[in-house]
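Reading the structure
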Amino acid sequence: MPKQIDLLQGTLEMLILKAVSLGPLHGYGVLGRIVQISGDQLIIQQGSLYPALYRLEAAGALATEWAPSENNRRAKFYTLTDLGRRQLTHETDRWREMSRIIAAILRLTAPQAPLQPHPAQEPRA
Amino acid sequence: MSLRTRLALLLRSLTHRRQLESDINDEIRFHIEARTADLATQGHSPHEAARQARLEFGATESHKDGIRAALGLRWLDELVADLRYSTRLLRKSPGFTAIAVSSLALAIGANTAIFSVANEMLYARLAVPRPRELRLVAAVSPDPSVIHGNWGSNSTINGQEHHDSIAYPIYRQLAENNRSGLDLFAFKDIGGVNVTASNQAQSASAQLVSGNFYKDMQITPQLGRPILPSDDAVPGQGTVALISDAFWHRTFGGSPSVLGRTLNVDGHLITIIGVNPPSFTGAQAVQISPALFMPLSMVRELVSGFRDDLLTGTDIWWVNIAVRMPPGASQPTAEAALTNTFQSSVRASITPKAGEHIPTLILEDGSRGLSYIWTQLQLGKPIHILLALSGLVLLLACANIANLMLARASVRHREMSVRLALGASRGRILRQVLTESLLLSALGGLFGLLIGYLGRNALPRLMHTSFDGNDINVPFNWLIFAFAAGVTLLTGLLFGILPGWRATREDPNRGLKETAISASRRRSAWSGKGIVAFQIALSTLLVASSALFLRTLVNLNHINPGFNPDNLLTFNLNAPEKQYPGAGAAALFQRLEDAIAGAPGVSGVAVLTPSFLTGGTWNGDFDIEGQAPIQFKKDDPGQFPNLMNVGRTFFSVAEIPIIRGRAFGPQDTATSPSVAVVNQSLARKFFPNSDPIGRRFKDDEDKNHVKHFRTIIGICADTLYNSVREPVGPIHFDLYVDQKDFRGATLMVRSTRPPDALTADIRQVVRRIDPDLPMTSIRTQRQQIDANLQQERLFAALTAGFGLLALLLASVGVYGIMAYTVTQRTNEIGIRLALGAQRSQVRSMVLREAAWLALAGVAAGLAITLALVRLVKSMLYGLQPRDPASLAGAALLLLTIALLAGWIPAARASRVEPIEALRHE
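Residues numbered from 1 in each chain as written. Chains lettered and ligands numbered in written order. Predicted model: local features only at pLDDT ≥ 70, side-chain atom pairs only at ≥ 80, totals over all residues. Heavy atoms only, no water.

Scanning chain B for helices and strands turns up 28 helices and 25 strands. Overall, the C-alpha framework of chain B stretches about 130 × 80 × 65 Å when taken along its three principal axes. Counting the 921 residues in chain B, one finds 53% classified as buried. Nonlocal contacts in chain B, meaning residues at least 24 apart in sequence, comprise 80% of its contacts between residues at least 6 apart. When the accessible surface of chain B is summed, it comes to about 41400 Å², and 58% of that surface belongs to carbon and sulfur atoms. Both charge centroids of chain B, one from 89 positive and one from 74 negative side chains, sit 9 Å from each other. (Helix = DSSP H or I, 4+ residues; strand = E, 2+ residues; numbered from the N terminus. Buried < 20%, exposed > 50% of the residue type's maximum accessible area, 1.4 Å probe, protein only. Contact = heavy atoms within 4.5 Å. Areas by Shrake-Rupley, 256 points an atom, 1.4 Å probe, with all protein chains shown as cover. Lys, Arg positive; Asp, Glu negative; His and termini not counted. Charge placed at Lys NZ, Arg CZ, Asp CG, Glu CD.)

This is how it looks when you write it as structure tokens:
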């Protein structure tokens, strides 16, 4: 089994939006899709998915509808609204920017000599 | 859009709460079942799969809470929980709740009502566009001035004579010739006129106005047209009237067909041309509107009894003049321009006697109506005193709330520590305290609203006499209610939150461990005692003032009026000049006297004017034959005797004893030599060393400027005159039948029949003689006396109510603080008792503490009372403001109440069992 990592703070909502953007899903389906895409590498506290879903619904990013599930049970399906789509684009851009910056910082290896605002000191006589 | 959907969602969650909860449950169940199914396909046993699925999902309740928080419902849930908890707490201590809520309600209600009325009486402006532009013209001069005859009000302000009215011809010249560029308009309240409309005779108040009055007041009638300059142009020809909205509804049921109808006004046919807007009250007063508005040039037809023609003469100054000053206009310039024209006009028509001054004109604020000066003079002081007293009650209620909240907080200190220790956040606890304070204040505010709403109309009704028929409607003042409610709310919040804040800031361990001797608690007890002492001081002030007003009322009620006021029905009648010219009025009254005397159950009928105790005063010259005439002195208006015009039967009907000489008899007629009866005070003052009987005096000039002699034929016992409060003074009684300008009077009927039935019979009699003659101010003599004492009764009732409330609150305060101290000192008391202290010693120790507290409060209260009491000096009767009985009584009452309130905790302290107490903590 590949190594699993905990979800970063604040990224759950973005992942939900991404998962739903691929097609309407119920809550368990959202979870399944995120886990599946990540190749079983992300750990999501399953229950904490729901407050996030309701928060997105309250913000108007998701629309909901009760409909029969794949095994014909009554389930609540979430679809992305226009507002949700814009939010996803916005958050994706932000995430890319953020990870580019962070990656750049992390790429930096220790410099050979400390950075100096002035030319190197002249050797003492 | 986001906010709207969010609100819509919140609203839906609120209204469909049950549906929402079941949806959440369904969704979670679906999730867990789906996961279970998936795990089962991966090879877990069904039981193991279900367990694993639930485990992975986590704490269901906590996630549901997260969902509710996401929907914004958690905040609401907590509020509901807080409210439920607060309600339970308040219900658990009904005494605390009842006292807190009722004191708040009474304070808020009383203040809202009293301040609403005061605001209306003292600060309301006329309902016309831009009332602040209105100015009233007043004539001001040093004494003496060229003004000899005056129908209006005059007063002396800073040594200057101050007249509010001008002679009509001078007003016309001033309006036409002045260079101020301002448009002067005029009005005059002429009081009651007899009006017959829809076959019913009634008395209605009337205001005469100039032709430009409506234009300058900027008032458009709600129906019909205003009075125009053409209506006012020709004297006696402007037989038109606008009626007030109230009169329209009262007499015509608000029918639009009223336009063009004719009214019989004092025998003149007047056509209704319009109806005023409901809020318009004319230029005289803000609260009450005259019923009729007619052209000024109708004054000859409607007003009689003056020695000079009102439209052409300059002897009687009577017209009130007003003007609109546009913003930016210079008042001194306008006053100078008006004075200039005015003085040359006065010089042209009046020749000043030596030393007489010609007045200058000034412009005064007219936005509150002409009668505002009178209102301020008569009611200003009582209203301000009432305001101050009710303000004190508000302060007292605040102190009470503060005290109760502090005591409560210290009791709940331990509870808060427990909740903190169990993990409640500080904000959460503070919110709970806040909710509780708010709930309490809201309850108080709600009842206060009710009291204020009902009280604001009851109060002016108490201030006015019921038979006057003047209904004042005070608009409910939301601003004042908000203020009173806000002040108490703030106090409740402050004293609820402060101890809570202090309690939650400290380490909960300390609160849990803390015992009675902790320093922080002692301090809060001290602040509690300060508040209670303050309460007692305020209560002393309120109780002492109520004692003063109660004693005043008692003193006034015990005054003997000098006549028999029981079984006397009185009413007023006026004979209009048109139907009853000259001596016709006196003849009419003689007919009325005879006809009413024949009604069943009537034992006597008499005519008198002015009537007893109505506030009306008549006096005139009193030149005794053989003595120098009395010189009029401004600083002593009481030097002339008062007079009363009466019928022959007056002394027997009023049951006033004749001391010497004789009363009027059938031999005294309109044509026989004039006679008079004087009272004992007059005999003593004007004939100290001689017998007045047979002496003659001259009173005022008649229309031809001639004075006639009257012979004194008898001396009667002293009676009161215009007011219960005025001491008895000299009065001479003259026969009304030989008064040339007699127009109307009061009829006094003695009968043991019920007043209502008697009134109905008399109405029939009067209607048979003249159906257009309305009876007005129908009341028994007792009602008249009660009306005379209305203000005193109102004050006594209100201050007694305030005093009782103060006593109640003070006793609650003392009880609360002493009970608290005893609880705190249970340990100490136990030790004392264990060491051999007597139970009676413990009891007196607690009582002593209560007594000191009360003494400090009472002493402070008495000091404040003594300092402030001279403010009400003029409102008291028969006692000094520093009345020892009232002050000592108030002090004693408060000390007794404080000791009684302290007795219960003291007794409890003395019953402490040492073992129990020592085990207690």
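All names here are of chain B. Applying the stated criterion across every chain yields a total of 25 aromatic pairs over all chains. A centroid spacing of 6.3 Å and a plane angle of 75° characterise the contact between F247 and F252, whose relative ring orientation is edge-to-face. Each member of the pair F247 and F252 is classed as buried. Ring geometry for Y736 and F742: centres 4.8 Å apart, planes at 35°, overall tilted. (Phe/Tyr/Trp six-rings, centres within 6.5 Å; stacked < 30°, edge-to-face > 60°.)

Before going further, it helps to spend a moment on the pairing of strand 9 (residues 262–265) of chain B. Residue and element names in this part refer to chain B. Sheet topology places strand 5 (residues 184–197) next to strand 9; two bridges connect them, and they run antiparallel. Among the inter-strand pairings, T196 is bridged to a residue of strand 9, identified as N264. Examined bridge by bridge, strand 9 and strand 10 (residues 268–275) share four bridges and lie antiparallel to one another. When the bridges of strand 10 are listed, L263 appears paired with I270. Hairpin connection from strand 9 to strand 10: two residues lie between these consecutive antiparallel strands, with D266 at a positive phi of about 50°. (Pairing = 2+ DSSP bridges.)

What follows is about the pattern of salt bridges. All names here are of chain B. Scanning all chains against the criterion turns up 40 salt bridges over all chains. Of the charged contacts, one joins R172 and E176 as a salt bridge, the two residues approaching to 3.4 Å between their closest N and O atoms. One end of the pair is R172 and the other is E176, both in helix 7 (residues 168–177) and four residues apart, which spans about a single turn. Taking the relative accessible area as the measure of exposure, R172 reaches 33% and is therefore partly exposed. In this structure, the salt-bridge partner of K215 is D216, at a minimum N-O distance of 3.9 Å. Linked by salt bridges that have partners in common, K529, R825, E828, R832 and E849 make up one network. (Salt bridge = Lys/Arg side-chain N within 4 Å of Asp/Glu carboxyl O.)

Here the focus is the sheet that holds strand 5 (residues 74–80) of chain A. Residues and elements named next belong to chain A. One open sheet accounts for three strands, arranged 2-5-4; its pairing is antiparallel. The sheet terminates laterally at strand 2 (25–26) and strand 4 (62–68), the two strands that pair on one side only. Both strand 4 and strand 5 contribute to a ladder of seven bridges, which runs antiparallel. Across the sheet, T64 pairs through a bridge with Y78, a residue of strand 5. On top of the sheet, helix 1 (residues 12–21) reaches strand 2, strand 4 and strand 5; it is set at about 100° to strand 5, its chief contact. Of the strands in this sheet, strand 4 and strand 5 are in contact with helix 3 (residues 49–58), which crosses strand 5 at around 55°. (Axes fitted to C-alpha atoms, helices over the stretch in contact; angles between N-to-C directions.)

What follows deals with a nonpolar patch on the surface. Residue and element names in this part refer to chain B. A surface patch of nonpolar side chains, about 640 Å² in accessible area, is lined by L106, L443, F447, L450, I451, Y453 and L454. It is helix 15 (residues 426–463) that contributes the most residues to the nonpolar patch, six residues altogether. The topology assignment puts Y453 in helix 15. Taking the relative accessible area as the measure of exposure, Y453 reaches 44% and is therefore partly exposed. (Patch = residues over 30% accessible without salt bridge, like charges linked within 9 Å, V, L, I, M, F, W, Y side chains within 5 Å.)

Here we come to the environment of K353 of chain B. Position of K353 of chain B relative to the elements: it lies in the loop between helix 12 (331–349) and strand 14 (360–365). Sequence spacing of K353 of chain B and A402 of chain B is 49 residues, and the spatial spacing of their C-alpha atoms is 70 Å.

We now examine the nonpolar core. Residues and elements named next belong to chain B. Counting residues in hydrophobic clusters, the biggest one holds 57 residues, and the most contacted among them are I243, L292 and W318. Counting residues per element, this core draws most heavily on strand 5, which supplies six residues. Beyond its immediate stretch of four places on either side in the chain, I243 contacts W248, F252, V258, L263, I272, G274, V275, N276, A291 and L292. Ranked by size, the runner-up nonpolar core spans 56 residues in total, among them L592, A654, F742 and I762. (Core = buried A, V, L, I, M, F, W, Y, C linked by side-chain atoms within 4.5 Å.)

To continue, consider the environment of E593 of chain B. Residue and element names in this part refer to chain B. With respect to the helices, strands and loops of the structure, E593 is situated in helix 19 (residues 584–597). E593 gets classed as buried once you look at its relative accessible area, which sits at 12%. Residues E593 and A186, spaced 407 residues apart in sequence, show a C-alpha to C-alpha distance of 40 Å. Apart from the residues lying within four places of it in its own chain, the contact partners of E593 are V605, A606, V607, T649, Y736 and L747.

What follows is about the environment of A397 of chain B. All names here are of chain B. Mapped onto the elements of the fold, A397 is located in helix 13 (residues 372–411). On the accessibility criterion, A397 (0% relative accessible area) is buried. In the structure, A397 is positioned 148 residues away from S545 in sequence and 18 Å away in space, judged by C-alpha atoms. If we ignore the near neighbours within four places in the chain, the residues touching A397 are S103, A107 and L809.

With 23 residues of chain B in contact, the opposing surface of chain A contributes 22 residues. Taking both sides of the interface into account, the surface hidden between chain B and chain A amounts to around 2200 Å²; carbon and sulfur atoms contribute 59%. Here chain B and chain A share four salt bridges between them. Among the salt bridges present, the one from R73 of chain A reaches E33 of chain B, with a minimum N-O distance of 2.3 Å. On inspection of chain B and its partner chain A, the count reaches eleven residue pairs in polar contact (both at pLDDT 80 or more). Of all elements in the fold, only helix 1 (2–15), helix 2 (17–41), helix 3 (46–57) and helix 4 (60–70) of chain B reach the threshold of two or more residues within the side of chain B that touches chain A. Split by residue class, the side of chain B that touches chain A holds eight nonpolar, six polar and nine charged. (Buried area = accessible area lost by both parts, 1.4 Å probe. Polar contact = N/O pair within 3.5 Å; in protein donor to acceptor, adjacent residues only side chain to side chain. Nonpolar A, V, L, I, M, F, W, Y, C, P; charged D, E, K, R; others polar.)

All names here are of chain B. Where burial is concerned, most of strand 22 (residues 709–716) is hidden: six out of the eight residues are buried. As defined by bridge partners, strand 19 (residues 658–661) adjoins strand 22 across three bridges and the pair is classed as antiparallel. Opposite G661, over in strand 22, you have G714 as the bridge partner. Two elements, strand 20 (residues 675–679) and strand 22, share five bridges in a ladder whose sense is parallel. In the strand pairing of strand 22, N679 is matched with C716.

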